[in-house]
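Descriptive analysis of the structure
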Amino acid sequence: MSFKIILDNRRRPSARLVDRLADKAQRRPGVAASILLSTGLVLGLGASVGIAGVRNAQLSAKVEKQEAELAAVHANSQREINALAARLGELQAQANRLNALGERLTRAGQLEDGEFDFEAPVPTGGAGPVRDMPRGELDRELGSLEKEYAASGQQLAVMESLLFNRELDRNAVPSRDPIAGSYITSGFGGRADPIVGGHQFHKGIDFKANVGDPVLAVADGVVSFSGVRSGYGNVIEIDHGNGYVTRYAHNSRLLGHVGDLIRAGQTIAKAGSTGRSTGAHVHFEVWENGRVVNPRKFLGSRSAVQRG
């Protein structure tokens, strides 16, 4: 086989197409021109389609990249929102704690005049303009608020401790009435004996009562005696552990037993007229370090004393 034949066999299809077109052009020039025009249009359209495909691929890649960036921004924003929500939850918990503590202090301090209403919204206001708050400024404001809450909580805790100690001291000292809604019928000290006449030193004060009325402990303590004493009838005595002992006499019924722990205001007996008595009442005595003292200095002022 000749070298020329080998080359002819290896010519590319495009070259052979050109040869055929050239041969066709020599024999039929008009048809050849049409073929060349159509071929040019096809090649141009194919090139345009190829370019458009490349551009579409580039746009798709760009859109996917932007979507990925947007998803990352959204995820980061959501993490920041979740962090702020967590801090807000902590601040709300601190606010609830401070409100509860404030309400306890209000009750302990007997500040029930409406000045400290922890349930009411706080009045606020202010003039414009209003602007968007940057994240950094919001973080600083939240941090400052957290510090203020922490300081307020410490201060209120100290106040609660002081008021609690004061309440303990108050509950350990006779400072209440032994019967509710009553009045004093006989005071402490010298008086005429109501049964046989003559002078008598009255060791306590008497409160008007009806048989069966609840007799109340005037302070915290432990029952040190519960039984009958000569002249006193049914008696209950409470040791308050700080040198004070209180005695409640002439009861119709005793509810406390020796060793019972008693709280201030607790019912310890039922009023009556046992022992040396002219009628139902509560005889109340206070002993300080083994010496009987006037209960008046613990109970404060009372309504006018009625003798009888």
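Since the structure is predicted, the reported quantities are computational estimates derived from the model, not experimental observations.

**What to know about the overall build of the protein chain**
Secondary structure assignment for the protein chain yields five helices and 13 strands. For the protein chain, contacts bridging at least 24 residues in sequence account for 62% of all contacts bridging at least 6. For the protein chain, the exposed surface amounts to about 20100 Å²; the carbon and sulfur share of it is 57%.

**Brief notes about unusual backbone geometry**
In this structure, His250 takes a positive phi of about 70° despite not being glycine. You can call His250 buried: its relative accessible area is 5%. Positive phi is not limited to glycine here, since Asn289 has a value of about 50°. Tracing the backbone through its elements, the reader meets Asn289 in the loop between β12 (281-288) and β13 (291-293).

**Some words on the environment of Phe298**
Structurally, the position occupied by Phe298 is in helix α5 (residues 296-299). When the C-alpha atoms of Phe298 and Asp177 are compared, they prove to be 9.7 Å apart, with 121 residues separating the residues in sequence.

**Section: the nonpolar core**
In terms of nonpolar packing, the biggest core is built from 23 residues, with Phe207, Val215, Tyr248, Ile268, Val282 and Phe284 touching the most fellow members. Of all the secondary-structure elements, those providing two or more residues to this core are β4 (205-208), β7 (233-239), β8 (244-251), β11 (267-270), β12 and α5. Per-element accounting of this core gives the leading share, three residues, to β12. In this structure Val282 touches Pro178, Ile179, Ile205, Asp206, Phe207, Ala209, Val215, Ala249 and Ala271, once residues within four positions along its chain are discounted.

**Re the pairing of β11**
In this structure, strand β5 (residues 214-216) lies alongside β11, joined through three bridges in antiparallel fashion. Counted as the bridge partner of Pro214 is Lys270 from β11. Of the pairings in the sheet, the one linking strand β9 (residues 253-254) to β11 comprises two bridges and is antiparallel in character. Considered in β11, the bridge of Arg253 is made with Lys270.

**Quick word on the environment of Ile184**
Of note, Ile184 is situated in strand β1 (residues 184-186). Under the relative-accessibility criterion, Ile184 is labelled buried at 1%. Taking the C-alpha atoms as reference points, Ile184 and Lys208, 24 residues apart in sequence, are found 6.4 Å from one another.

**What to know about the packing of aromatic side chains**
Counted under the stated rule, the structure contains three aromatic pairs. Consider the rings of Phe188 and Phe201, whose centres lie 5.4 Å apart with planes at 80°: the pair is edge-to-face. Taken together, the residues span a long stretch of sequence, with Phe188 in the loop between β1 and β2 (189-192) and Phe201 in strand β3 (residues 199-202) at a distance of 13 residues. A relative accessible area of 26% means that Phe188 is categorised as partly exposed. What makes Phe201 partly exposed here is its relative accessible area of 47%. Both rings, one in Tyr244 and one in Phe298, keep their centres 5.3 Å apart while their planes meet at 85°; by these two values the pair is edge-to-face. Of this pair, Tyr244 sits in strand β8 while Phe298 sits in helix α5, and the two are 54 residues apart along the sequence. One exposure class covers both Tyr244 and Phe298, and it is buried.

**Some details on the sheet that holds β9**
The strand order across the open sheet formed by three strands is β5-β11-β9, and the pairing between neighbours is antiparallel. If you trace the sheet from one side to the other, it starts and ends with β5 and β9, each paired once.

**Here we look at the pairing of β8**
Taking burial as the measure, the eight residues of β8 include seven buried ones, the bulk of the element. Where β7 and β8 come together, five bridges link them in antiparallel fashion. Counted as the bridge partner of Ile238 is Thr246 from β8. The turn linking β7 back onto β8 is made up of four residues, and Gly241 within it adopts a positive phi angle of 75°. For β8 and β12, the ladder comprises six bridges, and the chain directions are antiparallel. Bridging from a neighbouring strand, Arg247 pairs with Glu285 of β12.

Definitions and cut-offs
- Residues numbered from 1 in each chain as written.
- Predicted model: local features only at pLDDT ≥ 70, side-chain atom pairs only at ≥ 80, totals over all residues.
- Heavy atoms only, no water.
- Helix = DSSP H or I, 4+ residues; strand = E, 2+ residues; numbered from the N terminus.
- Contact = heavy atoms within 4.5 Å.
- Areas by Shrake-Rupley, 256 points an atom, 1.4 Å probe, with all protein chains shown as cover.
- Buried < 20%, exposed > 50% of the residue type's maximum accessible area, 1.4 Å probe, protein only.
- Core = buried A, V, L, I, M, F, W, Y, C linked by side-chain atoms within 4.5 Å.
- Pairing = 2+ DSSP bridges.
- Phe/Tyr/Trp six-rings, centres within 6.5 Å; stacked < 30°, edge-to-face > 60°.

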